Structures are given as C-alpha cells and as structure tokens.
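# An overview of the molecular structure
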Amino acid sequence: MIISPHVKICCIRDDEEARLAIAMGAAALGLVGAMPSGPGVITDGQIAAIAKRVPPPVATFLLTSETDADQIIAHQQRVNTNTVQIVDALRLGTYDQIRAALPGIRLVQVIHVIDQSSVEEALHIAPHVDALLLDSGNPTLAVKELGGTGRVHDWALSRQIRELSPVPIFLAGGLRPDNVRQAIEAVQPFGLDLCSGVRTNGQLDPVKLEAFMTQVFNQ
Ligand SMILES: O=C(O)c1ccccc1N[C@@H]1O[C@H](COP(=O)(O)O)[C@@H](O)[C@H]1O
C-alpha cells in the first residue's frame, strides 16, 4: 500500500491563498524570498505577515536563496517561519551553525536532481538536515534557476535518493493533477511540493488545487 504524502503548496502570495491551500488539505505553505528567477517571489514583509497568521500545525517554509549561513539565519529572523528551505548549495558556514542560531527551526535542503551526482550530493547532505526537497532547477545557469520551473526531472534518480536517505523526501518540480499519481507511485515520497501546477495566470486556482488533492488523497 502507498501512503498518501503530505502536500506543501508553494508560492503563497497572501492570506487568501494561504486559507485556500489549508482548507484544501495543505500541511505546509511555501513563502518565496528574493530569487534570481521564478514566479513566486514576495517581499520579506509579506512573508512575515502571512507566516504570523498561519495556524498550527501547518508548517511555514521560508524559501531562501542565501548561501552563507549568517545570511540564512538573518533571513529567517526577519520573517519568523518555522522552517527554512535552502534552495541553493550552502557555500559559507555549516548547517550546525544555522541550527545553533535557530533552535527549533526545521532545515530543508533543496537538491536539484540533474544526474547521478545529485544522488551522491543528496546523501552527503541528508544527515545534516530535517528533510530533502528534490526539485528540477539548474543552479549552473548564468541566471540561476532555483525552482518554480514547472518541469519534472528524472524520478528514477529521486526514487534512489528516497530509498537511501535517512531523512524524509519532498518531491517537487512540474507536479500537476494529471501527473501526480504517477509521481507518487514512482518515488513514494514523504511529501509533495508544487507551485505552477495549481495556478492560472499566477493565481492559486481552486479547481486545479481540488483536482490535485483528489489525486493525492482519494485514490
Ligand atoms: O517558485 C519560485 O518562484 C521559486 C523560485 C526559486 C526557487 C524555488 C521556487 N519555488 C519552488 O519550486 C518548486 C517547484 O515549482 P513548480 O511546481 O515546478 O512550479 C515549488 O514547489 C517551490 O518550492
């Protein structure tokens, strides 16, 4: 039997979208800070205001593109989410440093799944974080893609990571109502994370969201 994964709805723009996502069954909301590209960016002020009004036990994820531990700590302290999603590789400082400065705050590291080396990268980082989030960006481009691409990646690689990882896995990248069942069967992740697949003209679309949740929970 495959257990239904938890759902994180990302790119939340305001309280109304937050309420809609929670009403439809989201366990977590993604709030996107400054990024080099992507459709979901809002200001730190907006992130702080939305996060403050999200009721427990719904998790609030700050998506940060900072790569220096001190800057990641400062970013979380400006917005007060209960989880930090690091969408690029940590270049300066350590996860332990972030944990010491932010007790009780969950750390989720994004791995952009490109090839077999992504599996090694994921397993190297996994022991230091609370979860991994497997997405379809490309941090090597001149203008980095760090998520929100609407593209799927090679789920066979994500399946390998899920089977070997000591921490839970969220699957992201191009998930939609029409492919989510296949994604769940292929990867069997702890969680699903999506942005563009449940939006129309940038707005969270209740019809697409309901279709997505039906595929996840009512099969
Ligand atoms: O959405 C963005 O603007 C964004 C920008 C930079 C990093 C991450 C971003 N969003 C994350 O990307 C995943 C996948 O998006 P999609 O479903 O493929 O559109 C999304 O769930 C966010 O976590």
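As recorded in an unreviewed UniProt entry, the protein chain goes by the name N-(5'-phosphoribosyl)anthranilate isomerase, listed as coming from Fibrivirga algicola. As recorded by UniProt, the Pathway (unreviewed entry) comment attached to the protein chain reads in full: "Amino-acid biosynthesis; L-tryptophan biosynthesis; L-tryptophan from chorismate: step 3/5."

### What about the packing of helix 7 (residues 180–187) against helix 8 (residues 206–217)?
Viewed as axis vectors pointing N to C, helix 7 and helix 8 meet at an angle of 35°, and their least axial separation amounts to 9 Å. Relative to helix 8, helix 7 is oriented so that their crossing is right-handed. Contact residues: Val180, Arg181 and Ile184 in helix 7; Phe212, Gln215 and Val216 in helix 8. Here the contact of helix 7 with helix 8 is built from residues that sort into 4 nonpolar, 1 polar and 1 charged.

### Comments concerning the site of the ligand
Of all residues adjacent to the ligand, which total 22 residues, the nearest are Gly40, Leu146, Gly148, Asp193 and Ser196. At 2.9 Å, a backbone N or O of Gly150 approaches an oxygen atom of the ligand. Here Gly174 contributes a backbone N or O atom positioned 2.9 Å from an oxygen atom of the ligand. Judged by its atoms lying within 2 Å of the grid points, the ligand is housed in the largest cavity. The class makeup of the residues in the shell around the ligand is 8 nonpolar, 11 polar and 3 charged.

### Structural notes on empty space enclosed by the protein
For the coordinates displayed, the defined rule picks out 1 cavity of 30 Å³ or more. Of the volumes computed, that of the largest cavity is approximately 270 Å³.

### Re the nonpolar core
Counting 31 residues, the largest nonpolar core has Val7, Ile9, Ile12, Leu29, Leu175, Leu192 and Phe212 as its most contacted members. Listing elements by their share of this core, those giving two or more residues are strand 1 (6–9), helix 1 (15–23), strand 2 (28–32), helix 2 (44–53), helix 7, strand 8 (191–194) and helix 8. When neighbours within four sequence positions are excluded, Leu175 is seen to be in contact with Trp155, Ala183, Leu192, Asp193, Leu194, Gly197 and Phe212. Counting residues in hydrophobic clusters, the runner-up holds 24 residues, among them Ile72, Val84, Ile98 and Ile169.

### Overview of the sheet that holds strand 4 (residues 83–86)
The strand order 1-2-3-4-5-6-7-8 describes a closed barrel built from 8 strands, whose pairing is parallel. On average, adjacent strands in this sheet sit at an angle of 25° to one another, irrespective of strand direction. Against the sheet, helix 2 contacts strand 2 and strand 3 (59–64), and its axis sits at roughly 165° relative to strand 2.

Reading guide: rules and limits
- Residues numbered from 1 in each chain as written.
- Predicted model: local features only at pLDDT ≥ 70, side-chain atom pairs only at ≥ 80, totals over all residues.
- Heavy atoms only, no water.
- UniProt positions renumbered as here; feature names shortened; annotations may be inferred.
- Axes fitted to C-alpha atoms, helices over the stretch in contact; angles between N-to-C directions.
- Helix = DSSP H or I, 4+ residues; strand = E, 2+ residues; numbered from the N terminus.
- Left-handed = near helix turned anticlockwise from the far one by under 90°.
- Contact = heavy atoms within 4.5 Å.
- Nonpolar A, V, L, I, M, F, W, Y, C, P; charged D, E, K, R; others polar.
- Near = heavy atom within 4 Å.
- Polar contact = N/O pair within 3.5 Å; in protein donor to acceptor, adjacent residues only side chain to side chain.
- 1 Å grid on protein atoms, 1.4 Å probe; cavity = no way out; pocket = protein on both sides within 12 Å on 5 of 7 lines; lining within 4 Å.
- Sits in = over half its atoms within 2 Å of the grid points.
- Points joined across faces, edges and corners; volume = space filled by probe spheres on them.
- Core = buried A, V, L, I, M, F, W, Y, C linked by side-chain atoms within 4.5 Å.
- Buried < 20%, exposed > 50% of the residue type's maximum accessible area, 1.4 Å probe, protein only.
- Pairing = 2+ DSSP bridges.

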